[in-house]
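What follows is each chain in one-letter form.
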Amino acid sequence: MIIQSLYHYYQRLADEPQPNIPKYGYSIAGVSFAFNISIDGELLNVVDLRQTKKNKLVPIDVIVPEQNKRSSGLAPNFLCDNSTYIIGVDRKGKEQRAREALVASAEYHSMILGDVDDPGAKAICKYFIYWQPEWAKDHKALKGLIEDITSGVNIVFMLDGYNGYIHERLKVRQAWDIYRGSRPSELIAQCLVTGKTASIAKLHPNIKGVPGAQSSGASLVSFNQNSFVSFGKNQNFNSPISEEAAFSYTTVLNYLLNSKRHRMNLNDNTVTVFWSEASSQEEDLIAELLYPTLGESDDGIKEDKRSAEDWETIQLVRDTLRNVRDGNPVNLEHLDARSKFYVLGLSSNAARLSVRFWQVDRFRVFVERIAQHYADMAIERANLNKDPEFIPIPRILQETAPLGDKNKIPPLMGGTLMRSVLSGKPYPQGLYTTILARIRADKQVNYIRAATIKGCLIRQFRLKNQEVNIYMSLDEKNTNTAYRLGRLFAVLEKAQQDALGNNINATIRDKYFGSASATPAAVFPMLIRLAQHHIAKSEYGYIQDRRIQDILDGLDGFPQYLNMEEQGKFMLGYYHQRQAFYKKGEGKNE
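Given the structure is predicted, the values throughout are model-derived calculations rather than measurements.

Within the chain, the secondary structure is distributed over 19 helices and 12 strands. By the compact-globule yardstick of 25 Å for 590 residues, the chain is too spread out, its C-alpha radius of gyration being 31 Å. C-alpha atoms of the chain, sized along the principal axes, occupy 100 × 55 × 50 Å. With 590 residues in all, the chain has 50% of them scored as buried.

Following this line, the structure appears as C-alpha cells:
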C-alpha cells in the first residue's frame, strides 16, 4: 500500500507540464563542477557550479543519468561521476585503482556513445581516449581547483560553444535510454505494484534524507540474509517489484524528504512526509497546519519574504485553527476536501528504514483532526510575544527531553504522538508521564507543558465519555481537589514572593513542588503555617490571605497522595493561577 501510493504520486508529478522530478533512468545528484571540453575532447576549462550557503560552498542539484548503487568493485556512472572515474585521480593514494577506474569509465562511455552521431557524444569518447591521469597535477584548467575536484564531488560535462550539459543532449539521452532498456535482467516476473510482467529490481535505489540514517542512504525494502531466501529467491526477488516501480517510489520518496513543504522532522531519527492525490494546495495547507508559522502578535502576521500564495495559505490555516478552537465549521470550499491524503512516518536503523506510522484518509478528516489537536492543546499563553498560539509537534517533543535537548527526546515518542494527532485518538500515556516527570525534575510548569497536560487529560475524558471541565484559563468554580491544591500552591508561592521579593535562594516551588503535587497531606499544613509569616510581612498580604481562605473553603482536607491524573490537574491549577496573577498585573511573567 505504501509503495503503491508513492508510485502513483510519482506518476502524478511526472505528468505535470514542467515536472521537477527525474524520469525513469535519471536521478538528482549534487554536482560541483562541469568540465568544458572541445569537440576534439580537450579539457578547456572547469566551471565551478557550487553555491554559497551559510558561508559554505555546496553543490547544486542536477538531473543526471541514474547513478549506480556502489558497494565494491568498479562501477562507473554515465556522464556524472567523481574524479576517480573522470580524471583517474583521487585523494585515497590508490593510483593503480584510480587508473583502472578511468579505463572502466572510458570503456563504459565508449560502449554507450561509440556509435552516436552527435558532437557531444563524440567529444566525450575522444576525451576518455586522450586524457592521461598524470596531466591533472599541472593542467591549466585544474589549477587552484584540484583539491576540491578530487574530494569526491560529482563532475558533469559541457561542450564548448553549446548550452546545457552533454548528458542533456537529445541523442545522448536516447543512447542512454536504449542502453538501459537493453540490459539483461536476472528475473522477469509480475510486479507487485503495477501488476505488469517486467524486469524485477534485485536492489532498490537508496533513500536519503532520513535523520540518523547512513549518509549514502538507506533501504525501505531489503533482504540480505540467507534466512530470508524463499523458494530460491534472494534479495529483493523475494518481493518482486519492477525496476521502473522501484525507481519511481524511491525517487518520489527522496523528493518528499528533500522538500521543506512535504516533510517535518520529529526528532533526531524520525521524519514525517505527506502528499495528496489531488494537488499541491492541500499539501501546502497540511504543511502549515503541522508546523504553523503564524505571526504571534495580535496586530497581524509578521513580515517576512513570503509570496502572496504563502500568505494566503497562512491566513487559511489561521482561520481554520481558530474556527475549530471556537467550535465553528471548517471552510475548505476552495480545496478538494474529499481527496485522499497520505502521511508516512519513517525512522532510521543504520542501512534500513522503519515505518513508524502510515495514515491514509480524506483531506478534510486530516484537517479537522489536526485542528482538533490544537483545540485540545489550547491554553492561556504565558507570553504573547514568545509563546506560539498553535504549538508545533516538535516543540511538544522537545519538552520531554532534559534541558530541551532534541537529541534526548525518547526515540519512539515522535511516531506515537503524530499517530495520535492524525488518528484523533488519545495521546500516548508516555507523553503525559514524561511531561509530569520533567516538571517534577525542573520545577517548571511552562506554557507548552501545561498545554500538553491539558490536551492529554481532555482526550482521556473524551475516551471515557466523561464531562470535560478543563478550560484555557483559570476556573475558580472548579471544585476538583487536585486542581484547587495546584491553585493553592501558586497562591502560597505568590505570598512568599510578595514578602521576600525575587531575591530568594530557594522558593517553596524549588523545595516542595514535587512532594506537594504527589503527597499533599505531608506538605501543605507546613506551607500554610509558613505563609502566615509571609502574609504578615507583606504590605498587601491580606489579598493572598483572602485567596488562601477562598480556596481552602472548597477543600475537604488534604489527600495523602494524588494519582497521575490528579497530579496533572494539580499542575494545571498551578499554571492557571499563576497566569491569573500576571493577567491582573500583580507580577511580571517569568
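Moving on: the pairing of strand β10 (residues 270–276). In terms of residue burial, β10 counts as a mostly covered element, since 7 of its 7 residues are buried. Where burial is concerned, the two faces of β10 agree: the one with T270, T272, F274 and S276 and the one with V271, V273 and W275 are both buried. Direction of pairing for strand β9 (residues 263–265) relative to β10: antiparallel, over a ladder of 3 bridges. Considered in β10, the bridge of R263 is made with V273. The hairpin turn running from β9 into β10, its antiparallel successor, is 4 residues long. Relative to strand β11 (residues 340–349), β10 runs antiparallel, the two being bridged by 7 bridges.

Looking now at the environment of I508. Here I508 shows up in helix α16 (residues 508–518). Assessed through its relative accessible area of 4%, I508 is described here as buried. Expressed as a C-alpha distance, the spacing of I508 and F489, which sit 19 residues apart in the sequence, is 8.7 Å. Discounting chain neighbours no more than four positions away, the residues touching I508 are F489, L492, E493, Q496, F513, L527 and L530.

Attention now goes to unusual backbone geometry. Notably, K54 is not glycine yet its phi reads approximately 55°, a positive angle. Position of K54 among the secondary structure elements: in the loop between β3 (51–53) and β4 (56–58). Its identity is not glycine, yet L79 carries a phi of approximately 60°, on the positive side. Topologically, L79 is positioned in the loop between β5 (60–65) and α2 (83–86). The class of L79 is buried, set by a relative accessible area of 1%.

Once that is clear, we can look at the sheet that holds β11. Reading across the sheet, the 4 strands line up as β9-β10-β11-β12 and stay open at both edges, with antiparallel pairing between neighbours. Because the sheet does not close on itself, it has two edges, and the strands there are β9 and β12 (352–362). Taken over all neighbouring pairs, the strand axes of this sheet differ in orientation by 20° on average, direction set aside. As defined by bridge partners, β11 adjoins β12 across 10 bridges and the pair is classed as antiparallel. Across the sheet, the residue bridging to S347 is S354, located in β12. Packing against the sheet, helix α7 (residues 243–257) makes contact with β9, β10 and β11, and its axis sits at approximately 110° to β10. The strands that helix α8 (residues 280–290) touches are β9, β10 and β11; relative to β10, the one it contacts most, it runs at about 150°.

Attention now moves to the packing of aromatic side chains. By the definition in use, this model includes 27 aromatic pairs. A centroid spacing of 5.6 Å and a plane angle of 80° characterise the contact between W131 and W135, whose relative ring orientation is edge-to-face. In this structure, R180 is placed above the aromatic ring of Y24, and the distance from its NZ or CZ to the ring centre is 4.7 Å.

Looking now at the pattern of salt bridges. With the rule as written, the count across this model stands at 24 salt bridges. Between E368 and R364 there is a salt bridge, with its nearest N and O atoms 3.5 Å apart. Here E368 pairs with R364, and both are found in helix α10 (residues 363–377), just 4 residues apart, close to one helical turn. Connected via shared salt-bridge partners are R12, R261, E283 and D284.

This part takes up the pairing of strand β6 (residues 154–159). In terms of burial, β6 is largely enclosed, as 6 of its 6 residues are buried. Pairing geometry for strand β1 (residues 26–37) and β6, over 6 bridges, is parallel. The residue of β6 that forms the bridge with N36 is M158.

This paragraph deals with the packing of helix α15 (residues 481–500) against helix α18 (residues 541–553). Their axes nearest at 10 Å, the elements α15 and α18 cross at an angle of 165°. The orientation of α15 relative to α18 falls into the category roughly antiparallel. Judged by the sense of rotation from one axis to the other, the crossing of α15 with α18 is left-handed. Here α15 contributes R484, R487, L488, V491, L492, K494, A495 and D498 to the contact with α18, which in turn contributes Q544, R547, I548, D550, I551 and L552. For the contact of α15 with α18, the per-class residue count stands at 7 nonpolar, 1 polar and 6 charged.

For any two helices packed against each other, the geometry comes down to the angle between their axes and how far apart the axes lie. Interaxial distance between α15 and α16 falls to 11 Å at its minimum, and their mutual angle equals 165°. Classified by the angle their axes make, α15 and α16 are roughly antiparallel. Here the hand of the crossing between α15 and α16 comes out right-handed. On α16, the residues that touch F489, L492, E493 and Q496 of α15 are I508, R509, Y512, F513 and A516. Considered class by class, the residues forming the contact of α15 with α16 number 6 nonpolar, 1 polar and 2 charged.

Within the element layout of this structure, S239 appears in the loop between β8 (197–199) and α7. S239 sits in the buried class, given a relative accessible area of 15%. Along the backbone, S239 and D40 are 199 residues apart, and their C-alpha atoms lie at a distance of 48 Å. What S239 contacts, discounting residues up to four positions off in sequence, is L192, V221 and F223.

Under the counting rule described, the total for this entry stands at 1 cavity of 30 Å³ or more. The calculated volume of the largest cavity comes to roughly 30 Å³. Taken together, L492, Q496, I508, L527, L530, A531 and H534 make up the lining of the largest cavity. Counting residues per element, the ones that place at least two in the lining of the largest cavity are α15 and α17 (524–537). The dominant element in the lining of the largest cavity, judged by the number of residues it contributes, is α17, at 4 residues. Here the lining of the largest cavity is composed, by residue class, of 5 nonpolar, 2 polar and no charged.

Here is what the cut-offs are and how they apply
Residues numbered from 1 in each chain as written. Predicted model: local features only at pLDDT ≥ 70, side-chain atom pairs only at ≥ 80, totals over all residues. Heavy atoms only, no water. Helix = DSSP H or I, 4+ residues; strand = E, 2+ residues; numbered from the N terminus. Rg over C-alpha atoms; globule rule 2.2 N^0.38 Å. Buried < 20%, exposed > 50% of the residue type's maximum accessible area, 1.4 Å probe, protein only. Pairing = 2+ DSSP bridges. Contact = heavy atoms within 4.5 Å. Axes fitted to C-alpha atoms, helices over the stretch in contact; angles between N-to-C directions. Phe/Tyr/Trp six-rings, centres within 6.5 Å; stacked < 30°, edge-to-face > 60°. Lys NZ or Arg CZ within 6 Å of the ring centre and 35° of its normal. Salt bridge = Lys/Arg side-chain N within 4 Å of Asp/Glu carboxyl O. Parallel < 35°, antiparallel > 145°, perpendicular 65-115°, else oblique. Left-handed = near helix turned anticlockwise from the far one by under 90°. Nonpolar A, V, L, I, M, F, W, Y, C, P; charged D, E, K, R; others polar. 1 Å grid on protein atoms, 1.4 Å probe; cavity = no way out; pocket = protein on both sides within 12 Å on 5 of 7 lines; lining within 4 Å. Points joined across faces, edges and corners; volume = space filled by probe spheres on them.

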